[in-house]
Amino acid sequence: MFAYIRSMAEIMYGQPVAEEIERKVQIAVHSLKTSHQVVPRLDVILVGKSPASERYVKRKLDTCQGLGMRAELHTFNHDVTARELRDHVLSLSADPSVHGILVQLPLPRPIEEPADDTTLDKFDIFDAIAAEKDVDGVSRYSIAELYRAQQNRLRFLPATAVAIRRMLAYYHIETEGRKAVVVGRNDITAKPVHHMLGGRMCNATAIWCHRHTRQQDHDAFMREADIIVTSVGSERYKLTGNIVKPGAVVIDVGTRVGADGRLHGDVDFESVAPVASQITPVPKGVGPVTVAALTENVVRAAQFAVGIRKSGYIF
Ligand code: GUN
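Residues numbered from 1 in each chain as written. Predicted model: local features only at pLDDT ≥ 70, side-chain atom pairs only at ≥ 80, totals over all residues. Heavy atoms only, no water.

Caption draft 1: Just the site of the ligand, in detail. With respect to spatial proximity, the complete set of residues near the ligand consists of Tyr56, Lys60, Leu102, Val103, Gln104, Leu105, Asp136 and Ile188. Here the ligand has 280 Å² of accessible area as a free molecule, and 84% of this is covered by the chains. Considering only residue class, the shell around the ligand consists of five nonpolar, one polar and two charged. (Near = heavy atom within 4 Å. Areas by Shrake-Rupley, 256 points an atom, 1.4 Å probe, with all protein chains shown as cover. Nonpolar A, V, L, I, M, F, W, Y, C, P; charged D, E, K, R; others polar.)

So, in structure tokens, the structure goes:
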């Protein structure tokens, strides 16, 4: 009898990648202070009382402050209107002391999905963010360049996309010509990551699965995928090893707090890790890199404000 020994995937921790980004951010913050007398400042809008959002936002504010930046929080009750939020964002856009603006998602349902198209919605709020302050990369000014795959014109790539791009580089993952499957359809992760992977920045063949993808199609795409990025964050979705191609790279961006009070991703680590060649854990995977990538974007915003940075990313 031959014993069949499966090797475990390399676990791609986020911490070394986050530390590399944060080292550069610290140097840039110091230089902005000493050469331009500017302290980069992020303003975050938080609506309602979701414990998960409060936790994410605290982490963002603390990380910015820990790296020597300013971070201000603007809180609103869940019944705030899209118009009020839009007007508040417009006032931050006009304030020269504010460098970066982030509207924490999700917003209350009437703003995310209004009952009719006569009221303002989340996209009107995103578009009120000045182009050079859109550190989340959600406004029409940022999205257009990503859609066009014009890396040299991009002001901001959303933090999760920056994080994945930096993880791919750090862990030496080739994307060109490889089949990449992205699962999920939200504005700040799956959509931009799909465009990034399929665009000139990564040159992968990008396939996009979402809630309307038939299960059999989803599974067939998975069985062929060289690179998988999941960003669903629902207990109804789980990626298991039986449909993952041996040697695939698996990046788990989905996070949700389970009934057990712990953070869970989209990927069943136990069954996928023995099949994949590289895999991110949850927690300790992409999450910390995303926060570091946000701080990088806040520095970019301050550099745009003082005129020492032009649009474009070099990876
Ligand atoms: N909610 C969860 N993650 C994020 C993020 O990166 N940006 C925003 N705006 N909202 C979020």
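Caption draft 2: Region of interest: the side chain of Thr230. You can see Thr230 is positioned in strand S7 (residues 227-230). What makes Thr230 buried here is its relative accessible area of 0%. Once residues within four sequence positions are removed from consideration, Thr230 is found in contact with Val183, Tyr237, Leu239, Ile251, Asp252, Val253, Gly254, Asp266 and Val267. (Helix = DSSP H or I, 4+ residues; strand = E, 2+ residues; numbered from the N terminus. Buried < 20%, exposed > 50% of the residue type's maximum accessible area, 1.4 Å probe, protein only. Contact = heavy atoms within 4.5 Å.)

Caption draft 3: Quick look at the sheet that holds strand S1 (residues 10-11). With respect to topology, six strands assemble into an open sheet ordered S1-S11-S8-S7-S5-S6, the strand pairing being parallel. Each edge of the sheet is formed by a strand with only one pairing partner; in this case those strands are S1 and strand S6 (205-209). Where S7 meets strand S8 (residues 249-252), four bridges bridge the pair, whose relative direction is parallel. Pairing of Ile227 across the sheet is with Val249, part of S8. The strands touched by helix H9 (residues 215-224) are strand S5 (179-183), S6 and S7; relative to S5, the strand with the most contacts, the crossing angle is about 140 degrees. (Pairing = 2+ DSSP bridges. Axes fitted to C-alpha atoms, helices over the stretch in contact; angles between N-to-C directions.)

Caption draft 4: Broad picture of the nonpolar core. Judged by nonpolar contacts, the single largest core of 57 residues is most densely connected at Leu157, Ile164, Val229 and Ile251. The greatest single-element share of this core, amounting to ten residues, is contributed by helix H11 (residues 286-306). Counting residues in each nonpolar core, the second largest holds 20 residues, with Ala9, Val183, Ile207 and Val267 among its members. (Core = buried A, V, L, I, M, F, W, Y, C linked by side-chain atoms within 4.5 Å.)

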